[in-house]
Amino acid sequence: MEEIDAASEGYGSTGSDGLHHLIEHIQDAVVEFELVDGEPIVRDVNRSFVGVFGYDRAEIIDARLNEFIVPEWLSSEARTLDERTASGEVNYRRVQRETTDGLREFLYRGVPYDGASDRTDGFAVYTDLTEVTRTERRLQVLNRVLRHNIRNGLQVIRGQADQMRAGRADTEPLDRIVDWADDLDELTDEVRLVTDFVTSSADEQRRLTAIDEVVGERVDAFERGHGLAVERSIGD
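Criteria and cut-off values
Residues numbered from 1 in each chain as written. Predicted model: local features only at pLDDT ≥ 70, side-chain atom pairs only at ≥ 80, totals over all residues. Heavy atoms only, no water. Helix = DSSP H or I, 4+ residues; strand = E, 2+ residues; numbered from the N terminus. Expected span 1.5 Å × (residues − 1). Buried < 20%, exposed > 50% of the residue type's maximum accessible area, 1.4 Å probe, protein only. Arc of directions from axis to C-beta. Polar contact = N/O pair within 3.5 Å; in protein donor to acceptor, adjacent residues only side chain to side chain. Contact = heavy atoms within 4.5 Å. Salt bridge = Lys/Arg side-chain N within 4 Å of Asp/Glu carboxyl O.

This brings us to helix α5 (residues 75–86). The terminal C-alpha atoms of α5, which comprises 12 residues, lie 16 Å apart, in line with the 16 Å expected from a rise of 1.5 Å per residue. Taken residue by residue, α5 has Glu-77, Ala-78, Leu-81, Asp-82 and Thr-85 as its buried positions. Buried residues in α5, looked at end-on, bunch into an arc of 135°, giving them a common side. Exposed residues pointing more than 90 degrees away from the buried face of α5 are listed as Glu-83 and Ala-86. The first or second residue beyond α5 is Gly-88, which carries a positive phi of 90°.

Tracing the sequence through the fold places Thr-120 in the loop between β4 (102–112) and β5 (122–128). The exposure class assigned to Thr-120 is buried, which follows from its relative accessible area of 4%. Side chain to side chain, Thr-120 and Glu-32 meet in a polar contact 2.4 Å long. Sequence-distant contacts of Thr-120, defined by excluding residues within four places in its chain, comprise Glu-32, Phe-33 and Tyr-113.

This part covers the pattern of salt bridges. Under the counting rule described, the total for this entry stands at 12 salt bridges. Note that Arg-64 and Glu-39 form a salt bridge whose closest N and O atoms lie 3.3 Å from each other. Linking Arg-64 in the loop between α3 (57–60) and α4 (65–69) with Glu-39 in strand β2 (residues 39–45), this pair joins segments that are 25 residues apart in sequence. A salt bridge links Glu-172 to Arg-176; its shortest N-O distance comes to 3.1 Å. Taken together, the positions of Glu-172 and Arg-176, both in helix α7 (residues 172–198) and 4 residues apart, correspond to about one turn of that helix. Residue classification places Arg-176 among the partly exposed positions, given a relative accessible area of 36%.

Put into structure tokens, the structure is as follows:
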């Protein structure tokens, strides 16, 4: 009978269950590992791991995972994550890891596994966030530049309107211009909030969307727009 080399075949090539089939075909990079003296030793990787990190199966299977993908200056972080996995905790963290093409950013999930195999203690799942992070940074820079330029323009508009109001009996048109400038200034703050929200993590988003803050901002805007005072009370 022909011997099968698991290092050269697909993920879980020596098995046939649905879990192996799923892991081999998902887009995220997955590592199956065994903890030996607290250190993850690679027992298998899926096709996406090979494509994203650039290491062949034959090269990395039975090797120390951290030596291949963890930058030296992040070794302490990696040890902490490994210790959490060893204690049975699921890990979620945004991390930087080395690939054959250089440093990339990932969403890391470390999942402990207590199955039939003595050689599997957990799975490490990596979602590549490199392009997402670059887009977030571009969006943040664009937002800062636009807000700066818009606010400078609004300052000029307000200053010109104030000068033109001097000595005029009917200042209503100029007052309206100033009001519009104030509304645009407020809009830039709302754009900043939206930008902060879409570029934040899930935990940060939950903090950003605290209901009392959202309602408070809407009520404040209503009061300014209608010259009214609104009594408010928000429970826990």
